[in-house]
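What follows is each chain in one-letter form.
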Amino acid sequence: VSYQNYASTQINGLGDGEIGVRYYLGNINFKYYFSIQGLLVVPLYKGKSLGFEAPGGDLKLSGTGGGALGTHDSYFYSAEVGVRQYVSVTGPFQFRYNVPVGVNLHKKHLITAGITGIFSTSTNKDFSANLVQNKDFSFLQGSLSYGYIFNPRLIIFGGINESLIGKNTGKGLNFYLS
C-alpha cells in the first residue's frame with residue numbers, strides 16, 4: 001500500500017467556456033423528441049491548471065420524452081450521448097453520456113434517478129493529484145433525488161450523487177438540497 005501526501009493548493013478562475021447550437025431533428029407522435037448539438041470549447045484561463053488549456057469541439061445527440069402513468073402520474077426521460085475532442089497533441093478524446101429518468105406522482109412528488117459518465121482516452125497516461133489535469137480517465141456516477149412541488153414556481157429538491165466506478169478520478173458521495 002502506497003500513500004502520498006499532496007500539498008493543498010487552491011486555484012480560482014474560470015474554466016472552459018462552451019458556446020454552441022442545438023438543432024431539432026424531429027419527433028415521434030409528439031411524444032419523443034430528438035436533437036443534435038454542436039459546441040465549441042474554449043479555455044478561459046492560461047497557466048492556472050484549471051483544465052487542458054486546449055480548445056475543443058463537442059457533438060451530442062439527445063432524445064427526450066414522457067407520458068402518462070395512469071390518471072395522476074407521469075414519467076419523463078432524457079438520453080444524451082456524445083463525443084468531445086480537444087485540439088492538442090495528447091487530446092483527449094472523450095465519450096460522454098447522461099441518462100436521467102423521472103416519475104411525477106400525484107402532481108406534487110417528483111422522483112428522479114440517473115447515470116452520467118465520461119470515458120476519456122489520451123496518449124498522455126500521466127496521473128495528477130489535480131484531477132482536472134488527468135486526460136486518461138473514466139467514471140460512472142449515479143444519482144437519486146426527490147422533489148416536492150409546492151406550485152409551478154417553487155419546487156424543493158434533495159438528492160444524492162455517488163461515484164460508482166472510475167479510473168484516474170475522484171471517488172465521492174455528495175448530498176444536495178436545492
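Just so it is clear, the structure is predicted and the values come from calculations on it, not from any experiment.

Cut-offs applied
Residues numbered from 1 in each chain as written. Predicted model: local features only at pLDDT ≥ 70, side-chain atom pairs only at ≥ 80, totals over all residues. Heavy atoms only, no water. Helix = DSSP H or I, 4+ residues; strand = E, 2+ residues; numbered from the N terminus. Contact = heavy atoms within 4.5 Å. Pairing = 2+ DSSP bridges. Patch = residues over 30% accessible without salt bridge, like charges linked within 9 Å, V, L, I, M, F, W, Y side chains within 5 Å. Areas by Shrake-Rupley, 256 points an atom, 1.4 Å probe, with all protein chains shown as cover. Salt bridge = Lys/Arg side-chain N within 4 Å of Asp/Glu carboxyl O. Buried < 20%, exposed > 50% of the residue type's maximum accessible area, 1.4 Å probe, protein only. Phe/Tyr/Trp six-rings, centres within 6.5 Å; stacked < 30°, edge-to-face > 60°. Core = buried A, V, L, I, M, F, W, Y, C linked by side-chain atoms within 4.5 Å.

*Asks:* Break down the side chain of Asn134 for me, citing the residues and quoting the values.
*Replies:* Within the secondary structure, Asn134 is located in the loop between strand E6 (109-121) and strand E7 (137-151). Ignoring anything within four residues of it in the chain, the contact list for Asn134 reads Phe52, Asp126, Phe127, Ser128 and Asn168.

*Asks:* Any details on the pairing of strand E9 (residues 173-177)? Residues and values, ideally.
*Replies:* Bridge analysis of strand E8 (residues 154-167) against E9 gives five bridges, and the strand direction is antiparallel. Looking at the pairing, Asn161 lines up with Asn174 of E9. A loop of five residues connects E8 with E9, the two strands running antiparallel in sequence, and Asn168 in this loop sits at a positive phi of about 60 degrees.

*Asks:* I'd like a description of a nonpolar patch on the surface, backed by residues and values.
*Replies:* Residues Tyr23, Leu25, Ile28, Phe34, Leu59, Leu61, Val81, Val83, Phe93, Phe95 and Phe119 make up a contiguous nonpolar surface patch of about 1,000 Å² in total accessible area. Elements represented by at least two residues in the nonpolar patch include exactly strand E1 (16-28), strand E3 (56-69), strand E4 (73-86) and strand E5 (93-105). With a relative accessible area of 46%, Phe119 lands in the partly exposed category.

*Asks:* Break down the packing of aromatic side chains for me, citing the residues and quoting the values.
*Replies:* Inspection of every chain in the model, using the stated rule, returns five aromatic pairs. With a centroid separation of 6.2 Å and 40 degrees between ring planes, the pair formed by Tyr32 and Tyr77 is classed as tilted. A residue pair is termed long-range when its members are at least 10 positions apart, and Tyr32 in strand E2 (residues 32-43) and Tyr77 in strand E4 qualify at 45 residues. What makes Tyr32 partly exposed here is its relative accessible area of 26%. Judged by its relative accessible area of 23%, Tyr77 is partly exposed.

*Asks:* Tell me about the nonpolar core, and please be specific about residues and values.
*Replies:* Grouped together as the largest cluster of nonpolar side chains are five residues: Val41, Phe52, Tyr86, Ile118 and Phe137. Every residue in contact with Phe137, bar those within four places of it in the chain, is listed here: Phe52, Gln94, Ile118, Phe119, Ser120, Lys167 and Asn168.

*Asks:* A description of unusual backbone geometry should follow, citing residues and the corresponding values.
*Replies:* Residue Pro92 is reached from Gly91 by a cis peptide bond, and omega for that bond is 10 degrees. Here Pro92 lies in the loop between E4 and E5. Positive phi values are uncommon outside glycine, yet Lys107 reaches one of about 65 degrees. Structurally, Lys107 can be placed in the loop between E5 and E6. Residue Asn168 is not a glycine yet carries a positive backbone phi of 60 degrees. Residue placement: Asn168 occurs in the loop between E8 and E9. Using a relative accessible area of 26% as the deciding quantity, one classes Asn168 as partly exposed.

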